[in-house]
Amino acid sequence: MGTRIDCNVPRPHRRVDIRTRLEAKAIYCGDCIVWSGYISKDGYGKIGLGGKKNGVSPTGLVHRVAYELYKGPIPEGMEVDHLCKNRPCINPAHLEAVLKIENIRRAFANWVSSPHCKNGHIRTEQNTYTKRGWSECLQCTWEKREVTYRKI
C-alpha cells in the first residue's frame, strides 16, 4: 500500500527567497529581462510576497520588487517607470523612480508619438476617434463591440 508518512517529522524548509524566485522566472529578451510568471490584465508582472494576512497571500508588482532588490527602496511619493516601455521587464537598468506626474507625462508622450495603437492597429486620421483630447482606435472599438454582441 504506499509509504506511510509520519506527520510529526518536520518537513525540510521549502521557502525560497524572493531574489531566487525572481531570477528563476526571468527570461533574457534583447536588453529586457522579461518576467515569465503571472502577468495581470494590465500587463504588469505580479509575484507572491510570502506569508498570509487574513488567509490571503499578498502579492507585489514584480518591477517594484526588482527595483527594491537591486537599487534600494523606492522613495516616498515616487513610482517606478519602465524606460523601455515594456511592462513585464524587470531589468533594473530599465527601471527609474519618478514622480507620478512624470510617469504620466512619459506614458502620454510615448502613446501620442506611437504610429500604432496598443493592439498594433495603424493610427490614421480615419481610424482614430478624438474627443476632449482623448483618442481611441476605431478598429479596437469595433472589435470589442463584435465580441460583446457574440456573447449575447
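A brief report on the enclosed structure follows. Keep in mind that what you see is a predicted model, and the values were worked out from it rather than measured.

## Considerations on the overall build of the protein
So, point 1. Secondary structure assignment for the protein yields four helices and eight strands.
So, point 2. The order of α-helices and β-strands along the protein, N terminus first, is α-β-β-β-β-α-β-β-α-β-β-α.
So, point 3. Across the 152 residues in the protein, those meeting the buried criterion constitute 26%.
So, point 4. For the protein, the exposed surface amounts to about 11,800 Å²; the carbon and sulfur share of it is 55%.

## Some remarks on unusual backbone geometry
So, point 1. Residue Lys 85 is not a glycine yet carries a positive backbone phi of 65 degrees.
So, point 2. Along the chain, Lys 85 falls in the loop between strand 5 (78–82) and strand 6 (95–99).

## Structural notes on helix 2 (residues 62–71)
Residues spaced three or four apart along an α-helix point in a common direction, a consequence of the helix completing one turn every 3.6 residues.
So, point 1. By the burial criterion, the buried members of helix 2 are Val 62, His 63, Val 65, Ala 66 and Tyr 67.
So, point 2. Buried residues along helix 2 sit in contact with helix 1 (18–24), strand 2 (32–35), strand 3 (46–48), strand 4 (59–61), strand 5 and strand 6.
So, point 3. Within two residues after helix 2, Gly 72 carries a phi angle of roughly 110 degrees, on the positive side.

## A few points about the packing of aromatic side chains
So, point 1. Scanning the model with the defined rule gives zero aromatic pairs in all.
So, point 2. The lysine or arginine in question, Arg 145, covers the ring of Trp 142, its NZ or CZ lying 5.0 Å from the ring centre.

## Observations regarding the pattern of salt bridges
So, point 1. Tallied over the full model, the rule gives five salt bridges.
So, point 2. Residues Arg 106 and Glu 96 are paired through a salt bridge, measuring 3.0 Å at the closest nitrogen-oxygen approach. Taken as a pair, Arg 106 in helix 3 (residues 100–113) and Glu 96 in strand 6 lie far apart in primary sequence, 10 residues in all.
So, point 3. One continuous salt-bridge network, built from bridges that share partners, spans Asp 81, Lys 85, Glu 96, Glu 102, Arg 105 and Arg 106.

## Focus: the nonpolar core
So, point 1. Ranked by internal contacts, the top residues of the largest apolar core, which has 13 residues, are Leu 22, Trp 35, Ile 47, Val 62, Tyr 67 and Ile 90.
So, point 2. Secondary structure elements with two or more residues in this core: strand 2, helix 2 and strand 6.
So, point 3. For this core, the leading source of residues is helix 2, giving four residues.
So, point 4. Ignoring anything within four residues of it in the chain, the contact list for Leu 22 reads Trp 35, Ile 47, Val 62, Ala 66, Leu 69, Tyr 70 and Ile 90.

## A closer look at the environment of Leu 95
So, point 1. Looking at the secondary structure, you find Leu 95 in strand 6.
So, point 2. Between the C-alpha atom of Leu 95 and that of Tyr 67, which follows or precedes it by 28 residues, the distance is 6.7 Å.
So, point 3. Apart from residues lying up to four places away in sequence, Leu 95 is in contact with His 63, Ala 66, Tyr 67, Lys 71, Val 80, Asp 81, His 82, Cys 89 and Ile 90.

## Things to note about the side chain of Thr 128
So, point 1. Along the chain, the position of Thr 128 falls in strand 7 (residues 128–131).
So, point 2. There is a polar contact of 2.7 Å between the side chain of Thr 128 and the backbone oxygen of Thr 124.
So, point 3. Residues within four places of Thr 128 in sequence aside, it is in contact with Arg 123, Ser 135, Glu 136 and Leu 138.

## Regarding the pairing of strand 2
So, point 1. Of the two faces of strand 2, the one carrying Cys 32 and Val 34 and the one carrying Ile 33 and Trp 35 are both buried.
So, point 2. Here four bridges tie strand 1 (residues 26–29) to strand 2, and the two strands are oriented antiparallel to one another. Bridging across to strand 2, Ile 27 finds its partner in Val 34.
So, point 3. The turn joining strand 1 and strand 2, which pair antiparallel and follow one another in sequence, is formed by two residues; a positive phi near 65 degrees is taken by Gly 30.

Calculation notes
Residues numbered from 1 in each chain as written. Predicted model: local features only at pLDDT ≥ 70, side-chain atom pairs only at ≥ 80, totals over all residues. Heavy atoms only, no water. Helix = DSSP H or I, 4+ residues; strand = E, 2+ residues; numbered from the N terminus. Buried < 20%, exposed > 50% of the residue type's maximum accessible area, 1.4 Å probe, protein only. Areas by Shrake-Rupley, 256 points an atom, 1.4 Å probe, with all protein chains shown as cover. Contact = heavy atoms within 4.5 Å. Phe/Tyr/Trp six-rings, centres within 6.5 Å; stacked < 30°, edge-to-face > 60°. Lys NZ or Arg CZ within 6 Å of the ring centre and 35° of its normal. Salt bridge = Lys/Arg side-chain N within 4 Å of Asp/Glu carboxyl O. Core = buried A, V, L, I, M, F, W, Y, C linked by side-chain atoms within 4.5 Å. Polar contact = N/O pair within 3.5 Å; in protein donor to acceptor, adjacent residues only side chain to side chain. Pairing = 2+ DSSP bridges.

Purely spatial values, then, with no claim about function.
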